[in-house]
Amino acid sequence: MSSKSTETEDFIKASPLRSAQETHTKENTNQKIYTDWYSQLRHKITTIQKLSKFINLSTEEQRGIIHSKFPFAVNTYLLEHMDVNSEHCPIRKQFIPTIGEIKKLPEELLEEGRTCDVPSSTSYGLKPGRSILRHYLDTVIILVTNNCASYCRYCAVRNFVGQHEWNITHGEFGLVLKYLKEHNEVRQVVLSGGDPLVLSDEKLEFLLSHINKIKNIDLVRIETRIPVILPQRITPKLCEVLSKYQPVFIDVTINHTKEMTQAATYACNLLLSYGIPLVSTTILLKNINDKVQILADLLYSLVKSRIKPYRLIQPEIVEGTSHFRPTIVSGLRLIRQLRSCITSFAIPEYIVNTREGTEIIVAPESVVSRTKNSVMLKDIFGHVHIYPETK
Ligand code: SF4
C-alpha cells in the first residue's frame, strides 16, 4: 500500500463525521437517517409537525412555513447545528421560512407571469433544452439537477429547486455536449443546479468524463453547498471521482462561520487531501452576515481551512426574499471596511448578477448613478443595468 493511501486511511479513521455518526447512533434509534447521506437526502424534514420535534419554532417561523409558496425541506445534520431556542441563529435563518417570504415587491416581478428566478434556456435566449442556464463570455453554466440537500430561503432559483425532482437526462446532456463542442470560445463549464453533488458518484463520473474529453474546456467548477450542509456526502469515493478529471474546482457556498463545523472542516480537508482545489462563494445576507466583523471572521475561517474566498454575491431580485437583501450601497461600504482591516488575499470580489444574465464586479467605479430606489451599474462592455434597491 502506498504512503498516500495509508495517510488517507488514517485521515478517514480520524473523521469527525464517523465519530459524530457513531456517538449519535447510540442515542438515536433512527440510525439510518443520520449516518447515511443518501438517507438524509431522501428523508428531509418537510412538515411543521416534524420540525417542531427538533426546534422551538417562533410564530413568525410557523406562519412562514404554513404560508410560503416555496418548497421547504431541511436535513437532520443542519437541524443538529441550529440553535433550537433562538430564531436569530444564522443557520436557522437561512433554512427555516419566516413570514418575510410572503412579501412580494413589484421589482420582484420581471414580466407578467414570470418571476426572475425561473431559469430556463428560453429566458436567456439559449438552446438547447433547459440544461444551459447561461452562456457568458467564455463560461457556460449547466443545470444538472433541481435537487438540494436542504432548501436555502434566499435561493435565486427557488422556483426551480425542490419541485418535481429532475436530474439531467442522457439526451439533455448530449445536447449540452454538442453545444460545448460547437462553441470554441467556451473554456469554463460550471455545473450548477440545484446542487450537483447530490447526484450519485456514477452520474457525476459520467458527466465529468464526457466534459473532460472536450478540447476547448480548460476548467470545470462545481457550485455546491454540500460540504457545509451535508458533509457526510464528501466520501473518499466521491473525492476519487472528482480527482480523476482535474482541474475540477469545488466552489462551496458558505455564508457564516457557524457553518464551518468540525464535520464541514473535515469534509473540506478530505477534498483538499485528494488535490481538489476549493474556492468559496458567500451570499451577502441582511441580518445574517452583513457586518464587517462577521464577514472578517468568516473570511479568515475560510483561508485557515485553505479555501480561497472567491465571490461575495449580492442576492438576486427574487420573489419573497426582500428580507435577505442588503442595499448595494451598504455592500460597497462593507468591502471598503474589509479593505481597511484584513488582507486583500482574503477579500472576495463583490458581484451582482443582473437580470440580463451579466455578472458585474461591483466597485465604486461601476456605479454610474444612484437614486432613492435604484442603482445603475456599468458592466465591462459599458452597458448600464438597473438594480432596484430594497428598502
Ligand atoms: S443549495 Fe443552492 S440551489 Fe439549492 S436551495 Fe440552496 S442556494 Fe438554492
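The structure displayed is predicted, hence computed values, not measured ones. (Residues numbered from 1 in each chain as written. Predicted model: local features only at pLDDT ≥ 70, side-chain atom pairs only at ≥ 80, totals over all residues.)

Let's talk about the overall build of the chain
Rules: Labels follow the DSSP assignment, with helices taken as runs of H or I lasting at least four residues and strands as runs of E lasting at least two, numbered in each case from the N terminus. Backbone-placed C-beta atoms define the burial measure: a residue is buried with 20 or more other C-beta atoms within 10 Å of its own, exposed with 12 or fewer, and partly exposed in between. Residues are treated as contacting if the C-beta atoms built from their backbones sit within 7 Å of each other.
The helix and strand tally for the chain stands at 15 helices and 14 strands. Scored against the burial criterion, the 391 residues of the chain give a buried share of 39%. Sequence separation of at least 24 residues holds for 75% of the intrachain contacts in the chain that already meet a minimum separation of 6.

As for the sheet that holds strand S4 (residues 139-143)
Let me state the cut-off plainly: Paired strands, as defined in this entry, are two strands with at least two bridges between them according to DSSP. Inter-axis angles, ranging from 0 to 180 degrees, are taken between N-to-C directions of lines fitted to C-alpha atoms, where helices are fitted over the stretch in contact.
The sheet built from nine strands is open, its strands ordered S3-S4-S5-S6-S7-S8-S9-S10-S11 with mixed pairing. Two strands lie at the open edges of the sheet, namely strand S3 (132-136) and strand S11 (359-361), each paired on one side alone. Each strand of the sheet is rotated relative to its neighbour by a mean of 25 degrees, with strand direction disregarded. Note that strand S5 (residues 188-192) and strand S6 (residues 219-224) share four bridges and pair parallel. Bridge pairing in S6 places Val-190 opposite Arg-221.

A word on the pairing of S6
Quick reminder of the rule: Crossover handedness is defined by viewing with both strands directed away from the observer: a clockwise path from the first strand over the helix to the second marks the crossover as right-handed.
You can see the chain leave S5, run along helix H10 (residues 201-212) and come back into S6, and the turn it takes is right-handed. Here five bridges tie S6 to strand S7 (residues 248-253), and the two strands are oriented parallel to one another. For Arg-221, the partnering residue across the bridge sits in S7 and is Phe-249.

Some thoughts on the site of the ligand
Selection criterion: In this analysis, residues qualify as near a molecule or strand once their C-beta atom, positioned from backbone atoms, comes within 6 Å of it. Under the convention adopted here, Pro, Cys and the residues Ala, Val, Leu, Ile, Met, Phe, Trp and Tyr are nonpolar, Asp, Glu, Lys and Arg are charged, and Gly plus all remaining residues are polar.
All residues adjacent to the ligand are Cys-148, Tyr-151, Cys-152, Cys-155, Val-157, Val-161, Gly-193, Gly-194, Asp-195 and Arg-225. Of the residues assigned to the shell around the ligand, the class counts are six nonpolar, two polar and two charged.

A few points about the environment of Cys-155
Here Cys-155 shows up in the loop between S4 and helix H9 (170-182). In sequence terms Cys-155 and Val-318 are 163 residues apart; their C-alpha atoms lie 8.0 Å from each other.

Side note on the sheet that holds strand S14 (residues 384-388)
Read across the sheet, three strands follow the order S12-S13-S14 without closing on themselves; strand pairing throughout is antiparallel. For this open sheet the edge positions go to strand S12 (367-370) and S14, each flanked by a neighbour on one side alone. For this sheet, the mean angle separating the axes of adjacent strands, direction not counted, is 25 degrees. Bridge analysis of strand S13 (residues 374-378) against S14 gives five bridges, and the strand direction is antiparallel. In the sheet register, Leu-377 faces S14, and the bridge partner there is His-385.

Let's talk about unusual backbone geometry
Of note, the amide linkage connecting Gly-193 to Gly-194 takes the cis form, showing an omega dihedral of 20 degrees. One can find Gly-194 in the loop between S5 and H10. With an omega of 0 degrees, the peptide bond running from Gln-246 to Pro-247 counts as cis. Within the secondary structure, Pro-247 is located in the loop between helix H12 (236-244) and S7. Positive phi is not limited to glycine here, since Leu-137 has a value of about 50 degrees. Residue Leu-137 is classed as exposed on the basis of its 12 C-beta neighbours within 10 Å. Phi at Arg-306 is positive, roughly 65 degrees, even though this residue is not glycine. By the element assignment, Arg-306 lies in the loop between helix H14 (292-304) and strand S9 (308-313).

Some points on the nonpolar core
Our working definition: Note on terminology: a nonpolar core is any set of buried Ala, Val, Leu, Ile, Met, Phe, Trp, Tyr and Cys residues joined through C-beta atoms within 7 Å. All the domain ranges listed were derived from an automatic or database domain assignment.
In terms of nonpolar packing, the biggest core is built from 91 residues, with Leu-78, Ile-142, Leu-191, Ala-267 and Leu-271 touching the most fellow members. Broken down by element, the residue count for this core peaks at seven residues, all from helix H13 (residues 262-273). Counting only domains with at least three residues in this core, you end up with domain 1 (3-102) and domain 2 (106-388). Among all residues touching Ala-267, those that are not within four sequence positions of it are Pro-227, Pro-231 and Ile-234.

So, the confidence of the model for the chain
Note the cut-off: Confidence scores labelled pLDDT are given residue by residue by the predictor and lie between 0 and 100.
Of the residues in the chain, 85% have a pLDDT of 70 or more, and the chain-wide mean is 87. Note that pLDDT drops below 50 for residues 1-5; the model gives that stretch one contact with residues more than four away or on any other chain.

Observations regarding the packing of H14 against helix H15 (residues 328-339)
Here is the rule we go by: Throughout, the term roughly parallel applies to angles under 35 degrees, roughly antiparallel to angles over 145, roughly perpendicular to angles from 65 to 115, and oblique to all others. A crossing counts as left-handed when the near helix is turned anticlockwise from the far one by less than a right angle, and as right-handed when that turn is clockwise.
Between H14 and H15, the shortest axis-to-axis distance is 10 Å and the interhelical angle comes to 60 degrees. If you check the angle between H14 and H15, you find them oblique. Every pair of crossing elements has a handedness; the one defined by H14 and H15 is right-handed. Along the contact surface, H14 presents Val-292, Leu-295 and Ala-296, while H15 presents Leu-334, Gln-337 and Leu-338.

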